[in-house]
Amino acid sequence: MAENKKPANVFEDKYWKDSILIYIVGIVLAIFTGIVIYRTANPEWKKYQKEFVKIAEKKIGKEKVAKIDLGIRQIWNKELMGPNTADRCVTCHLGVDVPGLEGDDVPVVFRTHPNPDGLLDKHPLNKFGCTICHGGLPNSLTVKEAHAEHGVRWLYPTYTRELQKKYKFDEDRLVMLQINCNYCHRFDKDVPGMDYINLAKDLMIEKNCQSCHIIDGYGGNIGPNLTYEGDKSHEMFDIHAPYYVIKDGKPVESGHTIAEEMKRRGLPYSVFSWHILHFEEPRSITPTSTMPNHGFSKDEILAMTMLMMSWRKLDIPSHYLSNPGKYQLLRLMEEGRVKPQKIEYVSMAATAPETTSKVEGQAETAEEVQVEEKAEKSAAASSGGVDLKLAEKGKELFGTRGCTACHTVGGGKLVGPDLKGVTERRDKQWIINMILKPDSMQQNDPIAKKLLEEYNVPMPNQGVTPEEAEAIYEYLKSASK
Amino acid sequence: MQKLSEWWRKLTWTFAPSNKVEATKAVTRNFILHWFPARVTFRSMSWSYSWWLGTVSFSLFLILTITGIVLMFLYIPSVERAYWTIKDLEHAVSFGWFLRNMHRWAAHLMVFFVTLHMVRVFFTGAFKNGGNPEASRPLNWAVGMFLLLFTLLLSYTGYLLPWDQLALWAITIGANIAKSVPLIGNYLHFLLAGGSQIDQNTLIRFYALHVIVLPAIVLLLVSYHMWRVRRDGGLAVSEQYKMQAKKEGKRLVPDDYTTFAVPALIRRAFLVFLISLGAVMLLSLISNAPLEEPADPSWTPNPAKAPWYFLWLQELLAITTIRTPWFTINGGFVGGIVIPGILFLWGLIVPFIDKSPDEATGVWFHPSRRLQNWTFAIIMLILAFLTIFAMYFRGPSWNIYWPWAWPPVPHLF
Amino acid sequence: MTRRKFLAYLGRFAVIFALVGQAFAMLRSIVPNVVYEPPKKFKIGYPNDFSEGITFLSKYRLFVVREGNTFWTISAICTHLGCTVNLVTFPKPKKVKIGKKEFTELWEFHCPCHGSKFYGEGTPFAGPAPRPLPYYPLDLAPDGQLVVDTSREVKSDFRFVLNV
């Protein structure tokens, strides 16, 4: 019928160009899909595993390396970590449980874990995993996330040498992870391998921090409760407050903030840095602080800061804890079911139990270790009119009743005056009264009032008994010689 | 070979009709294609008219549904496990990172494009009937407003699920906004949270809402929304043909102003779907979905910011607390319920109060609608400004800082 | 082949590849790469924790048999469809014939789900169970505990003898 018209049935495809566009977009999508598949097939860890195989085969031979399982490796311990968490560090750290890969010729990441005898046998990998000691983000499989480097949203990074360098630790070995040791070893002291924490605990006992702070559920209330200081959120630390410097014994605004001071020293903006500055000079952070400057050395400051960060309330099953009874006691004190009392630390020095099994031991229940308190030998000879034995007792009380928090004897002024020779300066009854009821004395006694004005810090009533006061007086008398 | 190609033709002719008869039959003989009309007007096919934003929105919804279903096999809605299942997605599940990124990006884009779609429909007056006595497009606009609301709710219930700090505090604040409603506030909060505290009860409630309740509602509404377009005689711009024909006294011949939906419409819709997919894939390849620290009620991140599409709301919450000597009204109520409520209600009735002539139907920035368009544009710009301001100029403690001068917040180590 | 046709074929292939690739990604992601499960090889206690005869370890769904210093383990998981079988002990030893050999058994295993019955040595003799209850290898860990490896099966004549 039609001449050169097309048949009426055919329709014109006006939008044929859409087909071309579909093809072009399709090719782009195919490329994207290819990239997605490539990325999934080549995760970061595969690279490290290939490298490990190469290095390890050279060092210990193909046969031994063939026995090592490759792929995603994990340590899963439901009671310690939770039902859906696992430590996947061993995916890259393939050499940790392979003997023979020690030494500087093996990159640190692939090396055999140090201290298999003495440390690893007491803390077997399959019972502890890795992050409970080393920190880091479990489940992750990239270096950046697993180590929770800066920028990753995880509060507890791996304690690497880089991190230690930032805080100017003078150490080649890993020491910051002693913070985590203290999660389970909180009530131990002299623990082998925890030199920094041990030092900090000794200092804590020597300086009697508990006279002003509640620590382990017990202590004074002049300073804040430090029992779970490590759980204090970083949001609670205002690093934009002014930083003070001490001029002529008085704190004076430096003109810059705590954050700026951290920056000046090259310290990270962190709670860890805050504690460093605070231990160095408490009044630089809080100008009205009555906390004395104990003149800690750099290492002592680092140690004490580590101790602060280690005090956390964690849900660690009791058979992992050393001295679980003491943790229980702390909980009972918190719940008010037991009255606050001082929890003594138990020394692990030279009484560490021997283990006969070296591998895959079940976590051992901690044993209470009795330690003899060594009595100090008093200085020789007689001295006129001083009851040496009483003075001996008094010296001990001078420490345990909190006097050393503010006073030295012959060590210079601290918060309160140096008490060397005080028994020559003041009469006995005055001294006894000051010990027994300093609050009343500072209100009514003219000498005490003047001293309060001069030192500006009220002397707290430590609840000393009359017998104890006598002993302390005797000690002060003996020390005056 | 002959048999094979015959068989292939039998299977696929509805997608690629070879003549007018087949093209007309295609939409009645194919289940998937019954969705579409037989013919579609040239103007509604135009890229520059609608930008195909509705199709983009639906494509994104499709991507979200598919990735969402897969994610349901991999995520556990338990407060002890949720965060870690997300972490596993990022590292230990094959394509897990891709799945998560796709889902997250599609969600953000969907909120953006649904909003843009609404803006387009407003500026083109496409909620008007254009003189068609059988159409009721204002109703479809109202359905669309609800779709926008449910899209936002889907997003909101979704980002609680990772149970990280953002999730916990966003929900805490949201539930407290509910609490600020007078009289029934506490009870609303109790129902929303499934208890008096944000905990496992809340998580499972939001999970149920997110994976089945809200998607089902959205699916139903979207179906109705799209059916209404057909029932109202196509996109609003199609009314222009009838009006023009009436003016010129001409009769409308289908071939002059329409073409067959198959293949024109479905092919272009497929193209739009592929482009949407491509955009989501590209974003998934270059940017990872974030995750904050595990939920911890003992500290709130500083600053704690809502996702971008709620930043305008967060800014309002912060600045609308009314203090008079006699009473104080919580900004949570004013900025969280009153203002958004007024905006939503106004949005619903807008087509019913628009008195512009039929000629303005389906026309971009028709001069007779200058007032409406400016009003709408200003409101959108204010919301956009609030969003940008809250994003870049609000720092720690919601104080105002220059974007480059936010003070550092300390870490633990 | 014209350029147009080439583009058409390439384009169609690309679209199909992209969409199939997506589908593959979705499906592959639900195949687990890691699982949170206890290990297949585990310790069951010291040899002297076990009395003479048969002991049922409900946690591991395992029977441990001791004859003097000889130990072996049989799985308690029915080979039909996985229920835990029950131990049925006899007041008097029973003589049974399995194949050509004669055994004297003191107990049997009966499955409560579909009525399968197994001789004490593991062979099924009644019910739908298709094969005998598997044996797992036993060994001694360095700390002296018995270790079972349920990732591999051994023959029913497997015995672990303690060298005292």
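Use the structure listed above.
Residues numbered from 1 in each chain as written. Chains lettered and ligands numbered in written order. Predicted model: local features only at pLDDT ≥ 70, side-chain atom pairs only at ≥ 80, totals over all residues. Heavy atoms only, no water.

### Regarding the overall build of chain B
Helix and strand counts for chain B stand at 17 helices and four strands. Considered along the principal axes of its C-alpha atoms, chain B spans approximately 70 × 60 × 45 Å. Out of the 413 residues belonging to chain B, those deemed buried represent 53%. A separation threshold of at least 6 residues defines the contact pool for chain B, and within that pool the share at least 24 residues apart is 73%. (Helix = DSSP H or I, 4+ residues; strand = E, 2+ residues; numbered from the N terminus. Buried < 20%, exposed > 50% of the residue type's maximum accessible area, 1.4 Å probe, protein only. Contact = heavy atoms within 4.5 Å.)

### Describing the nonpolar core
Counting 188 residues, the largest nonpolar core has Tyr-167, Phe-169 and Phe-272 of chain A together with Phe-413 of chain B as its most contacted members. Sorting elements by how many residues they give to this core places helix H7 (residues 96-123) of chain B first, with 16 residues. Taken domain by domain, this core gets at least three of its residues from each of domain 1 (1-158) and domain 2 (180-334) of chain A. The contacts of Tyr-167 of chain A, once residues within four sequence positions are left out, are Met-176, Leu-267, Pro-268, Ser-270, Phe-272, Ser-273, Ile-276 and Leu-302 of chain A together with Phe-413 of chain B. (Core = buried A, V, L, I, M, F, W, Y, C linked by side-chain atoms within 4.5 Å. Domains from an automatic or database assignment.)

### What about the state of the cysteines?
Put plainly, two cysteines are in a disulfide when a covalent bond ties their sulfur atoms together. Residue and element names in this part refer to chain C. According to the stated counting rule, one finds one disulfide over all chains in the structure shown. Disulfide partner of Cys-83: Cys-113, at an S-S distance of 2.0 Å. Taking the torsion about the sulfur-sulfur bond, which here is approximately -95°, the covalent link between Cys-83 and Cys-113 counts as left-handed. Placement of Cys-83 in the loop between strand E4 (70-75) and strand E5 (86-98) and of Cys-113 in the loop between strand E6 (101-110) and strand E7 (117-119) is noted, with a sequence separation of 30 residues between them. (Disulfide = S-S within 2.5 Å.)

### Comments concerning the pattern of salt bridges
Counted by the stated rule, this structure contains 35 salt bridges over all chains. The residue Lys-87 of chain B makes a salt bridge to Glu-90 of chain B at a minimum N-O spacing of 3.0 Å. Here the residue Lys-87 of chain B and the residue Glu-90 of chain B both occupy positions in helix H6 (residues 82-91), the gap between them amounting to three residues, near one helical turn. For the pair Lys-87 of chain B and Glu-90 of chain B, a shared accessibility class is recorded, and that class is buried. Linking Asp-354 of chain B and Arg-369 of chain B is a salt bridge whose minimum nitrogen-to-oxygen distance equals 3.1 Å. Of this pair, Asp-354 of chain B sits in the loop between helix H16 (331-353) and helix H17 (370-392) while Arg-369 of chain B sits in the loop between H16 and H17, and the two are 15 residues apart along the sequence. Of the two residues examined, Asp-354 of chain B and Arg-369 of chain B, each falls in the buried class. A cluster of three or more residues bridged by salt bridges with shared partners is formed by Glu-145 of chain A together with Lys-87, Glu-90 and Arg-100 of chain B. (Salt bridge = Lys/Arg side-chain N within 4 Å of Asp/Glu carboxyl O.)

### Observations concerning the pairing of strand E5 (residues 250-257) of chain A
Two faces make up the sheet, and in a regular strand the side chains alternate between them. Residue and element names in this part refer to chain A. Relative to E5, strand E4 (residues 242-247) runs antiparallel, the two sharing five bridges. Among the inter-strand pairings, Pro-242 is bridged to a residue of E5, identified as Thr-257. In textbook terms, the turn of a hairpin is the stretch between consecutive antiparallel strands, and for E4 and E5 this stretch comprises two residues, one of which, Asp-248, has a positive phi near 55°. (Pairing = 2+ DSSP bridges.)

### Focus: the interface of chain A and chain C
Contact with chain A, which involves 22 residues of that partner, is made by 21 residues of chain C. The junction of chain A with chain C conceals about 1800 Å² of combined surface from both sides, 71% of it contributed by carbon and sulfur atoms. When the area that chain A buries against chain C is broken down by residue, the three leading residues are Tyr-23, Thr-33 and Trp-76 of chain A, summing to 30%. Our count for the contact surface shared by chain A and chain C stands at zero salt bridges. Joining chain A to chain C, the criterion identifies five residue pairs in polar contact (both at pLDDT 80 or more). Grouping the amino acids of the side of chain A that touches chain C by side-chain chemistry returns 11 nonpolar, nine polar and two charged. (Buried area = accessible area lost by both parts, 1.4 Å probe. Polar contact = N/O pair within 3.5 Å; in protein donor to acceptor, adjacent residues only side chain to side chain. Nonpolar A, V, L, I, M, F, W, Y, C, P; charged D, E, K, R; others polar.)

### Some points on unusual backbone geometry
The amide bond that connects Val-262 of chain B to the next residue, Pro-263 of chain B, takes the cis arrangement and shows omega of 10°. Its location among the elements puts Pro-263 of chain B in helix H14 (residues 261-286). The omega torsion of the bond from Asn-302 of chain B to Pro-303 of chain B falls at 0°, within 30 degrees of zero and hence cis. Positive phi is not limited to glycine here, since Asp-190 of chain A has a value of about 55°.

### A few points about the packing of helix H8 (residues 137-158) of chain B against helix H11 (residues 200-231) of chain B
Residue and element names in this part refer to chain B. H11 packs onto H8 with a crossing angle of 160° between their chain directions and a minimal axis gap of 9 Å. Comparing the axis directions of H8 and H11 gives the class roughly antiparallel. Where H8 crosses over H11, the two elements pack in a sense that is left-handed. By residue class, the composition of the contact of H8 with H11 is 18 nonpolar, six polar and one charged. (Axes fitted to C-alpha atoms, helices over the stretch in contact; angles between N-to-C directions. Parallel < 35°, antiparallel > 145°, perpendicular 65-115°, else oblique. Left-handed = near helix turned anticlockwise from the far one by under 90°.)

### Some thoughts on the sheet that holds E5 of chain C
Residues and elements named next belong to chain C. In spatial order, the strands read E5-E6-E7-E8; together these four strands make up an open sheet with antiparallel pairing. Pairing within the sheet leaves two strands with one partner each, and these edge strands are E5 and strand E8 (124-126). Adjacent strand axes in the sheet meet at a mean angle of 35°, parallel and antiparallel pairs treated alike. Across nine bridges, the pairing between E5 and E6 is antiparallel. Note on E6: the bridge partner recorded for Ile-98 is Lys-101.

### Observations concerning the interface of chain B and chain A
Counting from both sides, the interface comprises 53 residues of chain B and, opposite them, 56 residues of chain A. Roughly 5100 Å² of surface becomes buried between chain B and chain A when both sides are summed, with 67% attributable to carbon and sulfur atoms. The largest contributions to the chain B side of the interface with chain A come from Arg-267, Leu-412 and Phe-413 of chain B, which together make up 19% of the buried area. For the interface between chain B and chain A, the tally reads six salt bridges. Here Lys-87 of chain B makes a salt bridge to Glu-145 of chain A, at a shortest N to O gap of 3.0 Å. In this structure, the connection of chain B to chain A is made through 20 residue pairs in polar contact (both at pLDDT 80 or more). Counting only elements with at least two residues in the side of chain B that touches chain A, the list comes to helix H2 (20-29), helix H3 (42-45), H6, H7, strand E2 (258-260) and H14 of chain B. Looking at the side of chain B that touches chain A element by element, the count peaks at 13 residues for H14 of chain B. Its residues assigned to classes, the side of chain B that touches chain A shows 34 nonpolar, 10 polar and nine charged.

### Remarks on the sheet that holds strand E11 (residues 146-149) of chain C
Residues and elements named next belong to chain C. On the basis of which strands lie adjacent, the open sheet formed by three strands has the order E1-E11-E10 and antiparallel pairing. Sheet topology places strand E1 (41-45) and strand E10 (138-140) at the edges, where each strand pairs with a single neighbour. Strand-to-strand, the axes of this sheet are offset by a mean angle of 35°, without reference to chain direction. Relative to E11, E10 is paired through three bridges, and the arrangement is antiparallel. Residue Leu-138 lies in a different strand from E11, and its bridge partner there is Val-148.

### Description of the packing of aromatic side chains
Applying the stated criterion to the full structure yields 50 aromatic pairs over all chains. Relative to Trp-84 of chain B, the ring of Trp-154 of chain A lies with its centre 5.7 Å away and its plane at 70°, an arrangement referred to as edge-to-face. With one member in each of two chains, Trp-154 of chain A in the loop between helix H8 (143-146) and helix H9 (161-166) and Trp-84 of chain B in helix H6 form a pair that bridges those chains. Accessibility classification places Trp-154 of chain A together with Trp-84 of chain B in one group, the buried group. With a centroid separation of 4.4 Å and 20° between ring planes, the pair formed by Tyr-119 of chain C and Phe-125 of chain C is classed as stacked. (Phe/Tyr/Trp six-rings, centres within 6.5 Å; stacked < 30°, edge-to-face > 60°.)

### Side note on the environment of Leu-125 of chain A
Residue and element names in this part refer to chain A. Within the secondary structure, Leu-125 sits in helix H6 (residues 125-128). Taking the C-alpha atoms as reference, Leu-125 lies 45 Å from Cys-403; in sequence the two are 278 residues apart. Filtering out sequence-adjacent residues up to four positions away, Leu-125 remains in contact with Ile-75, Val-96 and Asp-97.

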